[in-house]
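# Fold and geometry: a report
Each chain is listed here by its residues.
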Amino acid sequence: MGRLILPWVIALPVLAAPADPSPVELQARLPRGGRVTLRLMFKKGLQVEAMRLPSSYLGKSPSRGEWIGFEELSPEGKRWALEALFPDDRWTEDEVRHIVRWPELESLWLISALFTGHGQTYDKVQDANPNLPEKLRKGDAWRIPKNLLSVDLGGERKRGTDRSLPEDGLDDEARVAAYRALLSFEEDRDGKYAAYRLRKGEALYSSVVMRYTDRVDPKGVNDLALEIAKRSGIQDVRSIPPGTLIRIPIRHLADPFQAEGSRALREEREVRAEVRRTARVDGGPSLKGVRIVLDPGHGGVDSGAVANGVWESDYVYDIVMRVRRILAQDTDASVSCTVRYPSLGFNAREEIRTPTRDAEILTTPPFVNDGESPSAVSVHLRWVLANDWFATFREKEDGRKTVFLSFHADSLHPSARGTMAYVPGAMAVPPRFCLKATHGVRVAEMKRGGLFQATAKERLQSEARSRQLAEALLQAMEKGKILIHSNRPIRNIIHRAGKSYLPAVIRHSSASAKVLLEVVNLTNEEDAARFQDPRFRERYAEAVVKGIRAYFRL
Ligand SMILES: [Zn+2]
């Protein structure tokens, strides 16, 4: 990478509010003649005068204002703007050496945002420059290695999963913190609300409702999007210009986004602290002494969610069969499935044509899911059975090495794509629940497995370990190029029809770590197509096994 353009540059200060350092404006020459003003502002970053900018310098859908943000430029435009602003920087094959020019306006965060595409990578930029102080000094040369440089600038930095938002690719805690940092709390005569400025490429459904609240089902998302639009004075929800102020009434916010001092936020932070201090469990190289229970959702007469010509049960069963096979081949873990389709056995299939009508839960006696009993029976028997197996395991082995994974596919708002992981939120799990029979159905496993009890400390610990497992699974999927839900893929509660709840299979599971995976969103056409592809199901199963292995690695 050599210097392509030598822009002609002059810098002149502009007046601003006395508290903040004044912005710098400078005129940069375009390669084909003409000049454009660049403006570097304290905390707000770089803006470019849009009017005379050639179209090749503009990104896909820039906002229509007089000024556009740096992130709205095309890769070519970004490179040009940075070279104009920082003519002393050296661009080589392996790195960019950025020379600090305006220490009062620049920050490590800003440098990271401009060069890596994420302000949040500042800690990595700092790691790459161990000898420099965090406080910028004029003339300091900051090294941005190619692996941190944004793809737009020729770097190798991996982009996010779904759309390229700056938060993608962060771990869950950092991602939630970054989302939170985009909100500010305000009040008007209609009450308190969280203010959010919609960014380019973002929609009200996904980037506001699904991200900041616990609603994900189509009706819940649509209803709340309309309510928020009305509250924000928006006429047409489908075309909201970037920068529009969105007002989210605080009662709808998910726990991590509640106001400072709220109980919900305090509990959220307690869980995060628990995740950080919970030591990982060593499962050894072969996972010998690890007990895994796999639960394929639905089955029999209950085919689960149906959309776009695909139904849930057979496809999640197929993925579970693949996970089971890989675990048996590659590890010494002890693996069981809660459900078996008698006509198929424990086998995966390349083609799935029609819904399989026979399925049994492997309790004593087996429970045939033939529609005679309500579907709640089938759901309860799964955790009862698994808890009985875990009780046997715990008599001799390390109880921390127990994993329960339930596999499902969702029917969410069609704009949602990719995998989501649900973990049991400590506050949503009851301290005690006892099942001696369900709708008249009794099985031998209820004697030991039907009683679930957990102290507050145990519930917190259980959420922490489950979050560690969910994180390991999603990271393995990201590495395996499997699409992950773009807004908060790990959740600990679902809000539907005015109520908050947790699926019973993870709510009452006694496993040390338990996760319910929603593999895809069937109402999204691309997701539905992926689900039908046996290669996708195999890759998914591979990623699940890699994730389990990563969870048990110190
Ligand atoms: Zn399901």
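What counts as what
Residues numbered from 1 in each chain as written. Predicted model: local features only at pLDDT ≥ 70, side-chain atom pairs only at ≥ 80, totals over all residues. pLDDT = per-residue confidence, 0-100. Contact = placed C-beta atoms within 7 Å. Axes fitted to C-alpha atoms, helices over the stretch in contact; angles between N-to-C directions. Helix = DSSP H or I, 4+ residues; strand = E, 2+ residues; numbered from the N terminus. Left-handed = near helix turned anticlockwise from the far one by under 90°. Nonpolar A, V, L, I, M, F, W, Y, C, P; charged D, E, K, R; others polar. Buried ≥ 20, exposed ≤ 12 C-beta atoms within 10 Å, placed from the backbone. Pairing = 2+ DSSP bridges.

## Here's the deal with the confidence of the model for the protein chain
- Model confidence for the protein chain is summarised by a mean pLDDT of 90, while 95% of its residues fall at 70 or above.
- Every residue in residues 1-18 is under pLDDT 50, and counting partners more than four places away or in other chains gives 33 contacts.
- Low pLDDT (under 50) marks residues 158-163, which in the prediction has 19 contacts with non-local residues, meaning those over four places away or in another chain.

## Quick look at the packing of helix α7 (residues 263-277) against helix α11 (residues 456-479)
- Close contact between α7 and α11 brings their axes to 9 Å; oriented N to C, the two are set at 65°. Relative to α11, α7 is oriented so that their crossing is right-handed. On α11, the residues touching Glu270, Val271, Glu274 and Val275 of α7 are Leu460, Gln461, Glu463, Ala464, Arg467 and Gln468.
- Here the residues of the contact of α7 with α11 are counted per class, giving 4 nonpolar, 2 polar and 4 charged.

## Thoughts on unusual backbone geometry
- In this chain, Thr364 is followed by Pro365 through a cis amide linkage whose omega measures -10°.
- Examined against the element boundaries, Pro365 turns out to sit in the loop between β17 (360-361) and β18 (367-368).
- Phi angles above zero are rare outside glycine, and Asn308 is one such case at about 50°.
- Relative to the helices and strands, Asn308 resides in the loop between β13 (306-307) and β14 (310-311).
- With a phi angle near 50°, His439 is a residue other than glycine that sits in the positive phi range.
- Secondary-structure assignment places His439 in the loop between β21 (432-434) and α10 (446-449).
- Judged by the 10 C-beta atoms lying within 10 Å of it, His439 falls in the exposed class.

## Observations regarding the sheet that holds strand β7 (residues 95-99)
- Strand order in the open sheet formed by 3 strands is β6-β7-β8, with antiparallel pairing between adjacent strands. The open sheet has two free edges, formed respectively by β6 (90-91) and β8 (141-145), since each of these has just one partner strand.
- Pairing analysis gives 2 bridges linking β6 to β7, with the strands arranged antiparallel. Considered in β7, the bridge of Arg90 is made with Arg97.

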